[in-house]
Amino acid sequence: MASNLVVANWKMNLPSEGIETFMGRMNERSYAAGLAVAPPFPFIGAVASAAGNVRVGAQNCHEGVSGAFTGEVSAEMAATAGASMIIVGHSERRKIYGEDDALVAKKVAAVLRAGLDLILCIGESEAEREAGATGAVVERQLRSAFEGVDGAEATIIVAYEPVWAIGTGKSATPDLVAETHAQIGGILDATVGIRPILYGGSVTPDNAASLAAVDGVDGFLVGGASLFSDRFGAIASVF
Ligand code: PGA
């Protein structure tokens with residue numbers, strides 16, 4: 001893996017320019033950072049066919065391998081479709097679909113069981129930040145997700161995404177990102193070992209350079225701005 005990684009989380013959206021055009025444009029130039037695109041499940045194959053140098057991810061998975069779980073997709077199935085990495089614990093999954101730390105931990109195990117790279121999302125809500133609980137929240141999320149994980153065996157990437165910064169246009173300040181990434185680095189050091197830490201939450205071409213310059217920021221997880229190849233490319237090029 002390149003030392004920096006910039007991941008597009010398309011959520012339940014597709015780029016209006018079309019998948020092939022988007023992927024073609026991302027391959028027109030080379031980036032120092034590694035790139036990945038995580039489309040909705042049914043489009044993993046289409047993204048993989050046009051991927052070129054871009055890695056392909058999934059946005060979620062079920063914790064099991066197979067079974068009577070209507071509407072669910074296992075990590076193994078996502079891998080068969082062409083994904084090599086899976087995002088787990090995104091705050092939209094935690095908040096809208098009620099995924100708690102225990103379920104996130106099972107999904108972490110599922111991704112690693114399937115031999116895929118894990119992107120674990122963590123982050124505090126606005127109320128938690130205001131209460132001064134950010135450190136405690138990210139520590140709880142990390143320790144619970146990695147309980148029983150053999151750090152030596154697994155490819156693990158952490159994405160710090162303050163919930164209040166996601167999709168709001170209110171990205172965290174570089175100072176705040178530096179402080180929280182340092183806290184996360186300390187917890188990783190004491191658990192699964194040092195890992196790349198991405199920042200996510202309203203990353204745009206305008207703020208990407210100042211966030212990338214922050215000590216401890218190894219890449220980005222990008223939502224809204226990742227739906228346009230020119231904006232995603234501009235963000236990726238800051239590394
Ligand atoms: P955003 O989303 O860039 O639209 O804030 C980031 C994310 O949810 O991963």
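Residues numbered from 1 in each chain as written. Predicted model: local features only at pLDDT ≥ 70, side-chain atom pairs only at ≥ 80, totals over all residues. Heavy atoms only, no water.

## Brief notes about the nonpolar core
Consideration 1: Counting residues in each nonpolar core, the largest one holds 64 residues, and the members touching the most others are L120, F146, Y199 and F220.
Consideration 2: The greatest single-element share of this core, amounting to five residues, is contributed by helix α8 (residues 174-190).
Consideration 3: Other than its neighbours up to four places away in sequence, F220 contacts L5, V6, V7, L198, Y199, V203, A208, L211, A212, I235, V238 and F239.
Consideration 4: Counting residues in hydrophobic clusters, the runner-up holds 12 residues, among them L5, A36, I119 and L198. (Core = buried A, V, L, I, M, F, W, Y, C linked by side-chain atoms within 4.5 Å. Buried < 20%, exposed > 50% of the residue type's maximum accessible area, 1.4 Å probe, protein only. Helix = DSSP H or I, 4+ residues; strand = E, 2+ residues; numbered from the N terminus. Contact = heavy atoms within 4.5 Å.)

## Focus on the environment of A178
Consideration 1: Relative to the helices and strands, A178 is located in helix α8.
Consideration 2: Overall, A178 belongs to the partly exposed group, its relative accessible area being 28%.
Consideration 3: Contacts of A178, omitting those with residues within four sequence positions, involve V214 and D215.

## Re the packing of helix α7 (residues 134-146) against α8
Consideration 1: It is at 10 Å that the axes of α7 and α8 come closest, and there the two elements cross at 30°. Relative to α8, α7 is oriented so that their crossing is right-handed. Facing T134, G135, V138, E139, L142, R143 and F146 of α7, the residues of α8 in contact are T180, Q183, I184, I187, L188 and A190.
Consideration 2: A class-by-class count of the residues in the contact of α7 with α8 yields seven nonpolar, four polar and two charged. (Axes fitted to C-alpha atoms, helices over the stretch in contact; angles between N-to-C directions. Left-handed = near helix turned anticlockwise from the far one by under 90°. Nonpolar A, V, L, I, M, F, W, Y, C, P; charged D, E, K, R; others polar.)

## Describing the packing of helix α1 (residues 19-26) against helix α10 (residues 229-236)
Consideration 1: Put simply, α1 and α10 touch, their axes get as near as 9 Å, and they point 30° apart. For the element pair α1 / α10, the angle class is roughly parallel. In this structure, α1 meets α10 at a crossing whose hand is right-handed. For the pair α1 and α10, the contacting residues are F22, R25 and M26 in the first and S229, F232 and G233 in the second.
Consideration 2: A class-by-class count of the residues in the contact of α1 with α10 yields three nonpolar, two polar and one charged. (Parallel < 35°, antiparallel > 145°, perpendicular 65-115°, else oblique.)

## A closer look at the site of the ligand
Consideration 1: Near the ligand you find 13 residues, and of these K11, H90, E161, G167 and S202 are the closest.
Consideration 2: Between the ligand and K11 there is a distance of 2.7 Å, counted from an oxygen atom to a side-chain nitrogen or oxygen.
Consideration 3: Within the side chain of H90, a nitrogen or oxygen atom sits 2.6 Å from an oxygen atom of the ligand.
Consideration 4: Protein coverage of the free-state accessible area of the ligand, which is 280 Å², stands at 95%. (Near = heavy atom within 4 Å. Polar contact = N/O pair within 3.5 Å; in protein donor to acceptor, adjacent residues only side chain to side chain. Areas by Shrake-Rupley, 256 points an atom, 1.4 Å probe, with all protein chains shown as cover.)

## Some thoughts on the pattern of salt bridges
Consideration 1: In the structure shown here, the tally under the stated rule is 11 salt bridges.
Consideration 2: For E92, the salt bridge goes to K11, with nearest N and O atoms at 2.8 Å. With E92 in helix α4 (residues 91-96) and K11 in the loop between β1 (5-9) and α1, this residue pair connects regions lying 81 residues apart in the sequence.
Consideration 3: On the basis of relative accessibility, which here comes to 19%, the residue K11 falls in the buried class.
Consideration 4: Here E76 and R113 are joined by a salt bridge, their closest N and O atoms 2.9 Å apart. In this pair, E76 sits in helix α3 (residues 75-81) while R113 sits in helix α5 (residues 101-113), placing the two residues 37 residues apart along the sequence. (Salt bridge = Lys/Arg side-chain N within 4 Å of Asp/Glu carboxyl O.)

None of the figures reported here should be taken as evidence of function without further support.
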